[in-house]
Amino acid sequence: YKLRQTKSAVEKARKEAKQGVLEYGRRLDGFANEIKGEIDAMIQVHETPLLEIEQKEKDRINAIKEKIQVISDFAEIDINATSDDIKAAFDKVQDIAIDDSYQELKEEAFKARDDASLYLSERERQQKLALERVEKQKEEAEKRAIEAERLAKEKAEAERLALENKKMEEEKKIESDRKHVEKIHNEILNDLCATNNLSEEKAKYIIRMIAGGHVR
């Protein structure tokens, strides 16, 4: 029982002592918060202009990078751009002056201009080669067409001459056959008239009958 009373007394004393400590802790926290609030206010006084300076620095860098991006964008010229468009873009890039306004990004600006110029100069060369190929193909096609037309004319002329020669040969053969038949008929006519005392009219009639297949 005595021990229990002692234990209760110890617990009571603990609570009373703790109450004082908690009150002290709350006052200590409040005091610390006041100090921190004053320090934060002093920090803000110095931090605000520093943040403004930092933002101005970011804006300055971004403005220069935007100028450099404008230079780099020349390398993004449309794939269907004409040779005149490419040359105009190349001339514009060459006219861009890289001065001290680019500040510490000056070398980057030079590189962007050189890269864009080089790209536009490949593009211009490629298009020139492509145009040359097209022109060469056009000339070759024209030559082939002219050659095909020449060969067609030669073939047509050869066929015409062959046809004329064939016609002449046929005419010659017909004429030769006609003369041959006429010669034979004359010989028959003379023989008939000479050996049979036939009149020329009757002899010709007999010849026509033989030539016509009426006499075996």
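The structure we're discussing is the one just above.
Please read these numbers as outputs of a predicted model, since none were measured by experiment.

Engineer: Help me out: how do you make sense of the overall build of the protein chain in this one?
Structural biologist: Scanning the protein chain from terminus to terminus reveals 4 helices and 0 strands. From first element to last, N terminus to C terminus, the protein chain shows the α and β order α-α-α-α. Against the compact-globule benchmark of 17 Å for 216 residues, the protein chain has a radius of gyration of 60 Å, which places it well outside the compact range. With respect to the principal axes defined by its C-alpha atoms, the protein chain has extents near 195 × 70 × 20 Å. Residues counted as buried form 12% of the 216 residues belonging to the protein chain. Considering only residue pairs separated by 6 or more positions, the protein chain has 58% of its internal contacts joining residues 24 or more positions apart. On the protein chain, roughly 18,100 Å² of surface is accessible, and the fraction owed to carbon and sulfur atoms is 56%. Distance between charge centres in the protein chain, computed from 43 positive and 50 negative side chains, equals 8 Å.

Engineer: Whenever I open this one, the packing of aromatic side chains confuses me. Can you help?
Structural biologist: To describe a pair of aromatic rings, you give the distance between the ring centres and the angle between the ring planes. Taken as a whole and judged by the stated rule, the model has 0 aromatic pairs. Note that K67 overlies the ring of Y102, its terminal NZ or CZ placed 4.2 Å from the centroid.

Engineer: Teacher, can you tell me more about the nonpolar core here?
Structural biologist: Nonpolar side chains in soluble globular proteins generally cluster together in the buried interior. By size, the foremost hydrophobic cluster in this structure holds 10 residues: I61, I64, I68, I71, I96, I98, Y102, L105, A109 and A112. Elements represented by at least two residues in this core include exactly α1 (2-72) and α3 (106-196). Top element by residues in this core is α1. It accounts for 4 residues. Listed in part, the 7 residues of the second largest apolar core include A81, I86, A116 and L120.

Engineer: I tried to follow the environment of I86 on my own but got confused; where do I start?
Structural biologist: Within the fold, I86 resides in helix α2 (residues 83-95). Linking I86 and A17, residues 69 residues apart in sequence, is a C-alpha distance of 89 Å. Apart from the residues lying within four places of it in its own chain, the contact partners of I86 are I77, A81, L120, R123, E124 and Q127.

Engineer: It is not clear to me how a negative patch on the surface should be interpreted in this structure. Could you clarify?
Structural biologist: Together, E135, E139, E140 and E142 line one region of the surface with negative charge. Relative to the helices and strands, E139 resides in helix α3.

Thresholds applied
- Residues numbered from 1 in each chain as written.
- Predicted model: local features only at pLDDT ≥ 70, side-chain atom pairs only at ≥ 80, totals over all residues.
- Heavy atoms only, no water.
- Helix = DSSP H or I, 4+ residues; strand = E, 2+ residues; numbered from the N terminus.
- Rg over C-alpha atoms; globule rule 2.2 N^0.38 Å.
- Buried < 20%, exposed > 50% of the residue type's maximum accessible area, 1.4 Å probe, protein only.
- Contact = heavy atoms within 4.5 Å.
- Areas by Shrake-Rupley, 256 points an atom, 1.4 Å probe, with all protein chains shown as cover.
- Lys, Arg positive; Asp, Glu negative; His and termini not counted.
- Charge placed at Lys NZ, Arg CZ, Asp CG, Glu CD.
- Phe/Tyr/Trp six-rings, centres within 6.5 Å; stacked < 30°, edge-to-face > 60°.
- Lys NZ or Arg CZ within 6 Å of the ring centre and 35° of its normal.
- Core = buried A, V, L, I, M, F, W, Y, C linked by side-chain atoms within 4.5 Å.
- Patch = residues over 30% accessible without salt bridge, like charges linked within 9 Å, V, L, I, M, F, W, Y side chains within 5 Å.
- Salt bridge = Lys/Arg side-chain N within 4 Å of Asp/Glu carboxyl O.

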